Amino acid sequence: MTVSLHWLWFAIPAFCLAVLGLYDLFHPTSNLLRIYPLLAYGRFASEEIRPEIHQYFVEDDISGTPLSRNDRQMVYERAAKSHEEKSFGTELDVYAAGYEWLNHTIAPKQANKDQFRVRIGGKDCRHPYDMALLNVSSMSFGSLSANAVLALNGGAKLGNFAHATGEGGLSQYHLRPGGDLVWEIGTAYFGCRTKEGRFDPDLFKEKAAEPAVKCVTIKLSQGAKPGLGGVMPASKMTEEIADVRGVPAHQKCESPPGHSEFETPIGLLEFVQRLRDLCDAKPVGFKLCIGHRSEFLAICKAMLETNILPDYIIVDGGEGGTGAAPLEFEDHVGVPLTEGLHFVHQALVACGLRDQIRIGCSGKVTSAFEMARRIIQGADYCNAARAMMLALGCIQAQRCETNRCPTGITTQDPSRTRGLKPDVKQHLVRNFQYATVMEFNRLIASMGLLSPDQLHASMLMRRVGPTRVKSYEDLYYQAKPNELLDGDVDPFWGRDWQDARSDTFGPRSVRERHGTPT
Ligand SMILES: Cc1cc2nc3c(=O)[nH]c(=O)nc-3n(C[C@H](O)[C@H](O)[C@H](O)COP(=O)(O)O)c2cc1C
């Protein structure tokens, strides 16, 4: 007689569940599992797939965050060169406070067929660079996979725009495709640091001489986490990434919050000059998110005193993206781009420096309208990080910090990165950039303009109430050239101009109570 063992199909799983349930009853940390053994896993699973469920079934076209479904869709379609237009009219509530629009003309121009460019390079620069109006914003190798970096740089090469390296150093993946690079130097001086973590001038000089390096950016801060150094989890710190950065592998890597090479506004500008001397006078600038207004004015005073000027300044908005940052910093530290950009532009105008320094910006630039809006607010050109990630196929899963990015963009896991093919994706990056700047050309032509420098604050309108509309010219302070040098300081500057000192950073209230921090 044969005995059927089919009952084991039921008995083994039931036994395993009973053991797990018993373990849960006495779980060392989770109160949910102790109170609801086994059942609590249902909640954990729902939490895990919540973002996907929300994105696919709950969010509407205009309310998704950080970037809305409409924004994401537009990038995907422009990158894929597929259906790029929409029917049936806007989904936005044009009567809601905060709604913004551009004024067109009855006499539009023909749109320019070529990309406009902005020349970067002031009086001390020997190798000026003609920057495109839309470029790849800083994202490091390490934060991004090698294939993602290759695709971004390949796209930059195909489309003749710039690719910023991010603070994680200059890798072979940045250099191999041959696209123009903006090399970013952060507080940890990755790629040009001594063993002790200080700036290494010889290493910097050697790498800055790479022909692909067109500009050098000193990163002071980033909108998503100003005042915090970058963090790289140990899981992402492979041997290769560690080698590019000059740090130990498989260990968590935290950049210091501030620079060790300078402590004062004058010190910052002397560092700008030092880098410029070391890189044969290529354009050197800095990137920051505005915090205390007096600190930026202190840099302006230092510029006036030393006559050392950065070739460009990149303003990042508090709404900026990141590979990893605490929520408090993402949500509540740093001036949003509109105010930050406006302030930097007005400060340079008021100090008589604006025509010698270019302004770049980053913060959710995904469309031609955003480009026009930011140029009106004071930028000369724009950079985009997350939109470029979308062009690579990012689905906004918001798991960049886990090393489990489902699209192979922000992970070092080979089973995921193999899915991202740089030779295919580089075309999508290029297509997105090209379609967006061409749309920008059509937009300004519809406004009757021949070039971006004709954009003006009177052309951008905002609804400020149910029956009230104002232009940016009326909403935001418009400084007169050199007004801060003439002694008659407008109330817009508050005490900030008076408080700004070229020999110290730090808020006035702290200085008054505790003395100068330097
Ligand atoms: C994955 C990721 C990595 C980033 N890494 C850097 C970095 O290394 N250095 C930096 O200055 N900014 C970094 N940023 C910020 C972007 O360069 C950019 O300033 C910010 O995301 C705003 O642009 P966006 O709204 O187009 O994304 C990173 C952003 C992302 C999403």
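About the thresholds
Residues numbered from 1 in each chain as written. Predicted model: local features only at pLDDT ≥ 70, side-chain atom pairs only at ≥ 80, totals over all residues. Heavy atoms only, no water. Pairing = 2+ DSSP bridges. Helix = DSSP H or I, 4+ residues; strand = E, 2+ residues; numbered from the N terminus. Axes fitted to C-alpha atoms, helices over the stretch in contact; angles between N-to-C directions. Contact = heavy atoms within 4.5 Å. Buried < 20%, exposed > 50% of the residue type's maximum accessible area, 1.4 Å probe, protein only. Domains from an automatic or database assignment. Buried area = accessible area lost by both parts, 1.4 Å probe. Salt bridge = Lys/Arg side-chain N within 4 Å of Asp/Glu carboxyl O. Right-handed = clockwise from strand over helix to strand, strands pointing away. Phe/Tyr/Trp six-rings, centres within 6.5 Å; stacked < 30°, edge-to-face > 60°.

With antiparallel pairing, three strands are arranged side by side in an open sheet as β1-β14-β15. Edge positions in the open sheet fall to β1 (100-102) and β15 (468-471), since each of these has one partner strand only. Neighbour to neighbour, the strand axes of the sheet diverge by 30° on average, direction disregarded. Sheet topology note: the β1/strand β14 (residues 460-465) ladder contains three bridges and is antiparallel. The residue bridging Leu102 from the neighbouring strand is Leu460, located in β14. Together, β1 and β14 form the strand contacts of helix α13 (residues 368-377), whose direction differs from that of β1 by roughly 90°.

With an omega dihedral of -10°, the bond running from Thr65 to Pro66 counts as a cis peptide bond. Take Pro66: it is sitting in the loop between α3 (40-58) and α4 (69-80). Non-glycine residue Asp280 carries a positive phi angle of around 60°. Note on Asp280: relative accessible area 37%, which makes it partly exposed. Of note, Gln396 is a non-glycine position whose phi angle comes to about 55°, a positive value. Along the chain, the position of Gln396 falls in the loop between α14 (386-392) and α15 (414-417). The buried category is assigned to Gln396, whose relative accessible area is 10%.

Turning our attention to the domain arrangement of the protein. Frequently, the measure chosen for interface size is the accessible area that the parts lose on association. For the protein, the assigned domains read domain 1 (16-58) and domain 2 (117-448). Placing the centre of domain 1 and that of domain 2 at their C-alpha centroids yields a distance of 40 Å. On the side of domain 2, four residues touch domain 1, which itself brings four residues to the contact. When domain 1 packs against domain 2, close to 350 Å² is buried across both sides, 18% of that on carbon and sulfur atoms. Three residues, Glu48, Glu52 and Gln55, lead the burial of domain 1 against domain 2; their summed loss comes to 79% of the area buried on that side. At the junction of domain 1 and domain 2, the tally comes to two salt bridges. When the shortest N-O distance is used, the salt bridge between Glu52 and Arg399 registers 3.0 Å.

So, on to the pairing of strand β6 (residues 180-185). Within β6, six of the six residues are buried, which leaves the element mostly enclosed by the surrounding structure. Taken together, the five bridges between β6 and strand β7 (residues 213-219) define a ladder with parallel strand orientation. Across the sheet, residue Trp183 finds its bridge partner in β7, namely Val216. Assessed by its sense of winding, the connection that carries the chain from β6 through helix α7 (residues 201-208) to β7 is right-handed.

Considering all chains together, one arrives at 17 aromatic pairs under this definition. Where Trp183 meets Phe204, the ring centres are 5.3 Å apart and the plane angle is 15°; that geometry is what we call stacked. Placement of the pair is Trp183 in strand β6 and Phe204 in helix α7, with a sequence separation of 21 residues. By relative accessible area, which is 0% here, Trp183 ends up buried. On the basis of relative accessible area, Phe204 is assigned to the buried category, the value being 0%. For the pair Tyr477 and Phe492, a centre-to-centre distance of 4.5 Å together with 20° between the ring planes defines the contact as stacked.

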